[in-house]
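Coordinates in review
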Amino acid sequence: MIKSMTGYGHVEGIYEDKRIVAEVRSVNHRYADYNIKVPRYYGFLEDMARKFVSEYISRGKVDVYISVESYGDSDKQITLNEALAKSYIDALCAIRDTFDVRDDISVSSVARFNEIFISERKEEDAEHIWQLVKEPLSEAMAQFVSMREREGERMLADIKSRSEYMLSLVEEVEKRSPERVKEYRERLYAKLEEVLLSSNIDETRIITEAAIYADKVAVDEETVRLRSHFTELDTILSSGEPAGRKLDFLIQEINREINTIGSKANDVATAKIVVDLKSELEKMREQVQNIE
């Protein structure tokens, strides 16, 4: 299936005790370029997310954003700095003994010294966190892929429509080719008749000149190759595989044949057809540049 390189998906929700946001977006790019942003404390998610996303995408500049927030302090644990706590208690005892003050040293009084407590993040299981993140990321990727496929269907219809129209123009070129030779022969005959002021024209010379001209302006080989290229275009579009690079190359080959026909065209009618062909091909190229 033809897919666009442009897509977007966004999912957020509560998963166990965490609020998780997963967002995926992409734009055109010649190759696959991934930019993964994850929370600092969950750096291990970057490689996991990159591997997961790359299974769905073969080309494009892809931005993936993942946010993981815990509710309350469920991801924290408090430990005691025993050495610092002992220093505070010793200092309080020294004050009591030195100044003979009332001894009201208690746990609550010592707990007022916040420095004795160390707040640390709990060690979390990487695989468990990934399984939590994977759920919204999978949903975001489903949205993302669906958008790319819908856009791809529209692009496919447009390319096929232009392909059919361009084939009709190629047919016009093929029909026009013998007419050009006939017209050249008639012009040549009239010119020689005018120059020689006689109707006694060497028919052999006319035929020879016309044959030389026909050989110079013949576009049979080009139109045959063009038809072959358009057949290959249909094959690629129907393959179901990522087609962007192949189509980009094929567009170049089609353009080469059209340019050759244009260089051989020396009449207004064929030149106009060539202009129309190039115009349609350029529009097709714009579509192809957005195909994965």
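Along its length, the chain carries eight helices and six strands. Helices and strands appear in the chain in the N-to-C order β-β-β-α-β-β-α-α-β-α-α-α-α-α. When each of the 292 residues of the chain is scored for burial, the buried share is 35%. Restricting to contacts in the chain with at least 6 residues of sequence separation, those with at least 24 account for 79%. Accessible area for the chain stands at about 17200 Å²; split by element, carbon and sulfur atoms hold 51% of it.

Now for the pattern of salt bridges. Applying the stated rule across the entire model yields 23 salt bridges. When the shortest N-O distance is used, the salt bridge between E23 and R25 registers 3.2 Å. Taken together, the salt bridges that share partners define one network made up of D158, R162, E280 and K283.

What follows deals with the sheet that holds strand β1 (residues 7-15). Sheet strands line up and pair through hydrogen bonds in the backbone, either parallel or antiparallel. Taken in spatial order, the four strands make up an open sheet running β1-β2-β4-β3, and their pairing is mixed. Looking at the sheet topology across the chains shown, the edges are occupied by β1 and β3 (32-37). For this sheet, the mean angle separating the axes of adjacent strands, direction not counted, is 10 degrees. Bridge analysis of β3 against strand β4 (residues 60-70) gives six bridges, and the strand direction is parallel. When the bridges of β4 are listed, N35 appears paired with D63. Strands in contact with helix α1 (residues 45-54) are β3 and β4; relative to β3, the strand with the most contacts, it is inclined by about 140 degrees.

So, about the environment of S279. Residue placement: S279 occurs in helix α8 (residues 268-288). Since its relative accessible area comes to 34%, S279 is described here as partly exposed. Each C-alpha atom of the pair S279 and M166 lies 9.9 Å from the other, and the pair is 113 residues apart in sequence.

Within the secondary structure, S161 sits in helix α4 (residues 126-196). Judged by relative accessible area, which is 43%, S161 ranks as partly exposed. A sequence separation of 123 residues divides S161 from M284, and the C-alpha atoms of the two residues are 9.8 Å apart.

Residues I78, L80 and F117 make up a contiguous nonpolar surface patch of roughly 290 Å² in combined accessible area. With respect to the helices and strands, F117 occurs in strand β6 (residues 117-121).

To continue, consider the nonpolar core. Ranked by internal contacts, the top residues of the largest apolar core, which has 27 residues, are M166, L233, L247, I254 and I258. Mapped onto this core, the elements with two or more residues apiece are α4, α6 (220-237), α7 (244-264) and α8. If we ignore the near neighbours within four places in the chain, the residues touching M166 are F230, I254, I258, L277, E280, L281 and M284. With 26 residues, the next largest nonpolar core counts Y15, I57, V68 and L137 among its residues.

Moving on: the packing of aromatic side chains. Counting across every chain of the model gives four aromatic pairs. Three or more aromatic residues joined by ring pairs make a cluster, and in this case those are F52, Y56 and W130. The ring of Y41 is capped by R40, whose NZ or CZ atom sits 4.5 Å from the centre of that ring.

The geometry of α7 relative to α8 is characterised by a closest axis approach of 10 Å and an angle of 170 degrees between their N-to-C directions. Classified by the angle their axes make, α7 and α8 are roughly antiparallel. In this structure, α7 contributes G244, L247, D248, I251, I254, N255, I258, N259, I261 and G262 to the contact, and α8 contributes V274, L277, K278, L281, M284, R285 and V288.

In this section: the pairing of β1. Of the two faces of β1, the one holding G7, G9, V11, G13 and Y15 is buried and the one holding Y8, H10, E12 and I14 is not buried anywhere. Alignment of β1 against strand β2 (residues 18-27), held across nine bridges, turns out to be antiparallel. By the bridge assignment, G9 is partnered in β2 with V24. Hairpin connection between β1 and β2: a loop of two residues separates the two successive antiparallel strands, and E16 in this loop has a positive phi of roughly 60 degrees.

Quick notes on the rules
- Per-chain numbering applies: the sequence of each chain, read as written, is numbered from 1 onward.
- Totals for whole chains, interfaces and linings use every residue, but because this is a predicted model, local features are given only for residues with pLDDT of at least 70 and side-chain atom pairs only at 80 or more, for both listing and counting.
- Each side-chain value is derived from all of the structure's non-hydrogen atoms; neither hydrogens nor water enter the calculation.
- Going along the chain from the N terminus, every DSSP run of H or I of four or more residues is numbered as a helix, and every run of E of two or more is numbered as a strand.
- Note on exposure labels: buried denotes an accessible area under 20% of the residue type's maximum, exposed denotes more than 50%, and partly exposed covers the range between, all computed with a 1.4 Å probe on protein chains only.
- Contacts: residue pairs with any heavy atoms within 4.5 Å of one another.
- For accessible areas, the Shrake-Rupley method is used with a probe of radius 1.4 Å. Any residue's cover is judged against the shown protein chains and nothing else.
- The term salt bridge refers to a pairing of a side-chain nitrogen on Lys or Arg with a carboxyl oxygen on Asp or Glu at a separation within 4 Å.
- At least two DSSP bridges between two strands are required for those strands to pair.
- Only the contacting stretch of a helix is used when fitting its axis, a line to C-alpha atoms as for every element, and angles between N-to-C directions run 0 to 180 degrees.
- Within the patch definition used here, like charges are joined within 9 Å and nonpolar side chains (Val, Leu, Ile, Met, Phe, Trp, Tyr) within 5 Å, considering only residues with over 30% relative accessible area and no salt bridge.
- To define a nonpolar core, start from buried Ala, Val, Leu, Ile, Met, Phe, Trp, Tyr and Cys residues and group those joined through side-chain atoms within 4.5 Å.
- Aromatic pairing here means that ring centres of Phe, Tyr or Trp (its six-membered ring) are within 6.5 Å. Orientation follows from the plane angle: under 30 degrees is stacked, over 60 is edge-to-face, and everything else is tilted.
- By definition, being over a ring means that NZ of Lys or CZ of Arg is both within 6 Å of the ring centre and within 35 degrees of the ring normal.
- With respect to orientation, any angle under 35 degrees is reported as roughly parallel, any angle over 145 as roughly antiparallel, any angle of 65 to 115 as roughly perpendicular, and every other angle as oblique.

Shape is all these values report; function is a separate question.
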